[in-house]
Amino acid sequence: MTTRPIALITGASRGLGRNTALNLARKGVDVVLTYRSRADEAKAAVAEIEAAGGRAAALELDNGAVASFPAFVETLKKTLRETWQRDRFNYLVNNAGTGLRKPIADTTQEEFDMLMNIHLKGVFFLTQALLPLINDSGRIINVSSGLARFSVPGSSAYAMMKGGVEVFTRYLAKELAGRRITANTVAPGAIATDFNGGHVRDDAEINRVVAGMTALGRAGVAEDVGPMIASLLSDDNRWVNAQRIEVSGGMNI
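Residues numbered from 1 in each chain as written. Predicted model: local features only at pLDDT ≥ 70, side-chain atom pairs only at ≥ 80, totals over all residues. Heavy atoms only, no water.

Turning our eyes to something else, we now look at the overall build of the protein chain. When helices and strands are counted, the protein chain shows eight helices and seven strands. Computed over the C-alpha atoms, the radius of gyration of the protein chain is 17 Å, within 12% of the 18 Å expected from 2.2 N^0.38 for a compact globule of 253 residues. Counting only C-alpha atoms, the protein chain reaches 50 × 40 × 35 Å along its principal axes. Burial status across the protein chain gives 48% buried among its 253 residues. Within the protein chain, counting contacts between residues at least 6 apart in sequence, those at least 24 apart form 73% of the total. A total of about 12100 Å² of accessible surface is found on the protein chain, and carbon and sulfur atoms cover 52% of it. Between the centroid of the 29 positive side chains of the protein chain and the centroid of its 26 negative side chains there is a distance of 5 Å. (Helix = DSSP H or I, 4+ residues; strand = E, 2+ residues; numbered from the N terminus. Rg over C-alpha atoms; globule rule 2.2 N^0.38 Å. Buried < 20%, exposed > 50% of the residue type's maximum accessible area, 1.4 Å probe, protein only. Contact = heavy atoms within 4.5 Å. Areas by Shrake-Rupley, 256 points an atom, 1.4 Å probe, with all protein chains shown as cover. Lys, Arg positive; Asp, Glu negative; His and termini not counted. Charge placed at Lys NZ, Arg CZ, Asp CG, Glu CD.)

The next point concerns the packing of aromatic side chains. Taken as a whole and assessed by the stated rule, the structure comprises two aromatic pairs. The interplanar angle of 35 degrees and the centroid separation of 5.0 Å between the aromatic rings of Phe124 and Phe168 together place this pair among those described as tilted. Here the residue Phe124 occupies a position in helix α4 (residues 109-130), and Phe168 occupies one in helix α5 (residues 156-175), the gap between them amounting to 44 residues. Residue Phe168 is classed as buried on the basis of its relative accessible area, which comes to 13%. (Phe/Tyr/Trp six-rings, centres within 6.5 Å; stacked < 30°, edge-to-face > 60°.)

Turning our attention to the packing of helix α1 (residues 15-26) against helix α8 (residues 222-232). Contact geometry for α1 and α8: axes closest at 8 Å, N-to-C directions at 50 degrees. Classified by the interaxial angle, the pair formed by α1 and α8 is oblique. The two elements α1 and α8 meet at a crossing, and its hand is right-handed. Along its contact with α1, which presents Gly15, Leu16, Asn19, Thr20, Asn23 and Leu24, the element α8 presents Ala222, Glu223, Val225, Gly226, Pro227, Ile229 and Ala230. Among the residues forming the contact of α1 with α8, the class breakdown is seven nonpolar, five polar and one charged. (Axes fitted to C-alpha atoms, helices over the stretch in contact; angles between N-to-C directions. Parallel < 35°, antiparallel > 145°, perpendicular 65-115°, else oblique. Left-handed = near helix turned anticlockwise from the far one by under 90°. Nonpolar A, V, L, I, M, F, W, Y, C, P; charged D, E, K, R; others polar.)

In short, shape yes, function no, at least from these values alone.
Quick look at the structure:
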């Protein structure tokens, strides 16, 4: 009997993370998903993954609370032993995040620090804490944003953090080469989910503007990105390493 690989996906109770988890389950990958506050959504995501033939577990995690990471790692170890009778997992997808739409002149230090803790410091130190639990020949994917390539007023602080994550990814690929662990960045364009208040999904004018900026003529949806991440984690893409892959339908080209 083939042992199914396990992926840990942060922020996977809804949106892009949840879609990625479902697509991985369909490809024979089990999932540990994290959520920050909506346990009901996480429970529903687990049920959906199990209905797709996979095995899943949901763990609470605040990606901006670095001091909580050691306790999270211990909970993860226990979950891996009890649910899968294993000590390690195969794939890490750093997906959890939140947005901010404010011009530079109006962004507060508190808002900047919040974004930094979640998107940059949290990604760095959570990955660091999890490295001993990732199997050799494993995979790491850090979710970035098209905003790290092109500029949209009001997105500077958020985009800065994502730019830092892209640099971090390249260093991961270099430093983990001895363990044959690959690291790549996936950078979605504007997606119609509830991210950042759901403004791309719910604001018809913003949706229209995004469509006009995109070669394929519409805003993205989670199902445009989740299958791509699942494919990148497959053995078909074992030689892709240290890359930034934008999944935006051709925004601002």
